[in-house]
Amino acid sequence: MIEVNQLSLVTRVPILNDFSYQFKTGNICLISAVNGSGKTTFFRALTNLIKHKHGTIRFDGQPFKKEKQAVFFYETPDWLDGNLSGLDYLKFVQRQWRSPRNLNEEINFWKMADYIRLPIKKYSLGMKQHLVIAMYFCSNATYLIMDEISNGLDEESRKRLYDRIKDAAVNEQKCVIISSHYKSDVAVIATRILHLENQKIIAES
Ligand SMILES: Nc1ncnc2c1ncn2[C@@H]1O[C@H](COP(=O)(O)OP(=O)(O)OP(=O)(O)O)[C@@H](O)[C@H]1O
């Protein structure tokens, strides 16, 4: 469980004020909000990439630093190095997260076999997005924090992604926190919907 207690966040503007919530395993939690309201900032705070002003965040009772391997967050394909290949990234993730996942199975599942050994500078937007998605599942982390993960995907790929997320939550007890511009797609699989607005995150009943 990710336990957020009285979290307040400020960037150049206030983002969150006194937010408390428990993100439980086995759930898919959709965070919906208009552009610029702070979804990415919230995800960065969860994963210790930025400091928060007040409050605590615990993963299974521990601070992020002690539970890093239980969490996977890769904010954007813009972080990918064009000179490395997709396979370099998948091997790195598998090693760092000490994951038992079979890389070839993931590569085939996401239909990446014909380009996974190429340098990423030769990838299209959708190919980079597929790689980032495959990294999430190759990590085998319990807490998958996905920021606009379906950007640039065609309809069939989005469906495959949502089915896989659902399977991970139901059958592997992963906790998926996801923001999406395709809210209506994700709402179908979400078990919790949270709205971020005016520095509050309100759970839809
Ligand atoms: N490094 C930073 N320094 C200062 N302000 C920042 C920084 N990063 C984000 N902000 C500000 O924080 C606010 C929230 O930004 P954030 O990227 O979290 O929004 P978002 O909800 O993810 O937006 P989008 O849906 O457009 O991706 C914005 O007003 C933004 O300008």
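Please read all numbers here as calculations on a predicted model, not as lab measurements.

K.L.:
Can you break down unusual backbone geometry residue by residue, with the values?
P.N.:
One non-glycine residue with positive phi stands out, namely Gln 173, at about 55°. You can see Gln 173 is positioned in the loop between α5 (155-172) and β7 (175-179). Classification of Gln 173 by C-beta neighbours within 10 Å gives exposed; the count is 12. The phi dihedral of Gln 199 falls on the positive side, at around 65°, and the residue is not glycine. Residue position: Gln 199 is located in the loop between β8 (192-197) and β9 (200-203). Classification of Gln 199 by C-beta neighbours within 10 Å gives partly exposed; the count is 17.

K.L.:
Describe the site of the ligand, and please don't skip the residues or the numbers.
P.N.:
Taken together, Thr 11, Arg 12, Val 13, Ile 15, Ala 33, Asn 35, Gly 36, Ser 37, Gly 38, Lys 39, Thr 40 and Thr 41 make up all the residues around the ligand. Ranked by residue count, the leading element in the shell around the ligand is helix α1 (residues 39-46), at three residues. Among the residues forming the shell around the ligand, the class breakdown is three nonpolar, seven polar and two charged.

Rules and cut-offs
- Residues numbered from 1 in each chain as written.
- Predicted model: local features only at pLDDT ≥ 70, side-chain atom pairs only at ≥ 80, totals over all residues.
- Helix = DSSP H or I, 4+ residues; strand = E, 2+ residues; numbered from the N terminus.
- Buried ≥ 20, exposed ≤ 12 C-beta atoms within 10 Å, placed from the backbone.
- Near = placed C-beta within 6 Å.
- Nonpolar A, V, L, I, M, F, W, Y, C, P; charged D, E, K, R; others polar.

Function cannot be read off these values alone, since they describe shape.
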